[in-house]
Amino acid sequence: MATRASVSAKPPARAPTGRIAVAMAAVAAALRRFAVLLVAAALIGLAVALALALFSYSPLDASFNTVTSRTTSNWLGPVGAHVADLLLQMLGWPALALALPIGVAGVRVAQGQPFLTRRALWAVPLGAALVAAAGGAIPLPALGAPAGFGGLVGVIAGNAVMALGDTEALANVPLALIMAALLIPPGLGLIVWGAGVGLADITGLAGLGTAIAGLLPRRSSDTEDEALPVRPARAERRGACA
């Protein structure tokens, strides 16, 4: 029985070698790269979709605060109308900053670089809230936002400024202006830091702008000046020789 079992047992499969192994490794690497790019494209698309939903907000669309049978005008449909209404009610237009870390995360995934998700989850919303509070304290124009420029956070900050009022200890400087000066710089700093935007990214954007400007057609006068250099007349040459 032992001899029959040993005879009937199949030899272990050999690992592919040579060109087949190289081809299989290349296909696997290509599939992994395709999956990474797919995730990156999804994140960048989500960031763009969030920004478009906010920009196309309309208070007449059906949302958490509006019940209507009117056709939704938001570019992202009913989902975009509800998301835009919720974010604008809470943070106002500073809610646009929430799209930044999502887009940066997509770029980092495509580049194969790490992205600090935990830092982005608390730093960017906190920075947007600080900017919203400053916008409500000044106050800035609502620009179509349902609860003002800074949303509910801005309304709370504005009510606080009105309750405190201007004091003589501040040399008659408006409290709203002081509050904005104290909140906007750290708010923007938290947004940029939390999103993971660095000096290299800013330099890359500047280089991209220069490259795009180089692709634009030049004015005809500039090209004519470069193509036809000015040469001295023959009469002037003869006079110089004489």
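Just above sits the structure.
Here, residues in each chain are numbered from 1, in the same order as that chain's written sequence. Note on the predicted model: pLDDT of at least 70 is required for a residue's local features to be given, and 80 or more for side-chain atom pairs to be given and counted; whole-chain, interface and lining totals, by contrast, use all residues. As a rule here, side-chain values cover all heavy atoms of the structure and leave hydrogens and water aside.

Describing helix H3 (residues 77-91)
Here is step 1: Going along the chain from the N terminus, every DSSP run of H or I of four or more residues is numbered as a helix, and every run of E of two or more is numbered as a strand. Helix span is expected to be 1.5 Å times the residue number reduced by one. Taking 1.5 Å per residue as the helical rise, H3 with its 15 residues ought to reach 21 Å, and the 21 Å between its terminal C-alpha atoms agrees with that figure.
Here is step 2: Among the residues of H3, Gly77, Gly80, Ala81, Ala84, Asp85, Leu87, Leu88 and Leu91 are the ones counted as buried.
Here is step 3: Those residues of H3 hidden inside the fold are in contact with helix H2 (19-55), helix H5 (117-137) and helix H6 (151-164).
Here is step 4: Following H3 by one or two positions, Gly92 adopts a phi angle in the positive range, close to 70°. Working definition: with a 1.4 Å probe on protein chains only, accessible area under 20% of the residue-type maximum means buried, over 50% means exposed, and in between means partly exposed. The contact criterion used throughout is that any non-hydrogen atoms of two residues lie within 4.5 Å.

Concerning the side chain of Ser56
Here is step 1: Structurally, Ser56 is set in the loop between H2 and H3.
Here is step 2: Using a relative accessible area of 10% as the deciding quantity, one classes Ser56 as buried.
Here is step 3: Polar contacts, as used here, are pairs of N or O atoms within 3.5 Å; protein pairs need one atom able to donate a hydrogen and one able to accept it. Residues neighboring in sequence count only if both atoms are side-chain atoms. At 2.7 Å, the side chain of Ser56 and the backbone oxygen of Leu52 are in polar contact.

Looking at the layout of surface pockets
Here is step 1: Taken as a whole, the second largest pocket encloses approximately 170 Å³ of empty space.
Here is step 2: In this analysis, the protein atoms alone were mapped onto a 1 Å grid. Cavities are point sets where a 1.4 Å probe fits without being able to get out; pockets are open sets with protein on both sides within 12 Å along at least five of seven lines; lining residues have an atom within 4 Å of a point. If you go around the second largest pocket, the residues you meet are Leu43, Leu98, Pro101, Ile102, Ala105, Phe115, Thr117, Ala120, Leu121, Val124 and Pro125.
Here is step 3: Every element with two or more residues in the lining of the second largest pocket is listed here: helix H4 (99-111) and H5.
Here is step 4: No other element matches the five residues that H5 contributes to the lining of the second largest pocket.
Here is step 5: For the lining of the second largest pocket, the class distribution of residues is 10 nonpolar, one polar and no charged. Grid points are joined across faces, edges and corners, and a volume is the space filled by probe spheres set on the points. The residue classification treats Ala, Val, Leu, Ile, Met, Phe, Trp, Tyr, Cys and Pro as nonpolar and Asp, Glu, Lys and Arg as charged. All others, Gly included, are polar.

Topic: the pattern of salt bridges
Here is step 1: A side-chain nitrogen of Lys or Arg and a carboxyl oxygen of Asp or Glu constitute a salt bridge if their distance falls within 4 Å. All told, the structure shown has one salt bridge when counted by the stated rule.
Here is step 2: Here Asp61 and Arg70 are joined by a salt bridge, their closest N and O atoms 2.8 Å apart.
Here is step 3: Of the residues examined, Asp61 reaches a relative accessible area of 1% and is grouped as buried.
Here is step 4: Judged by relative accessible area, which is 36%, Arg70 ranks as partly exposed.

Limitation: the analysis is restricted to geometry and does not speak to function.
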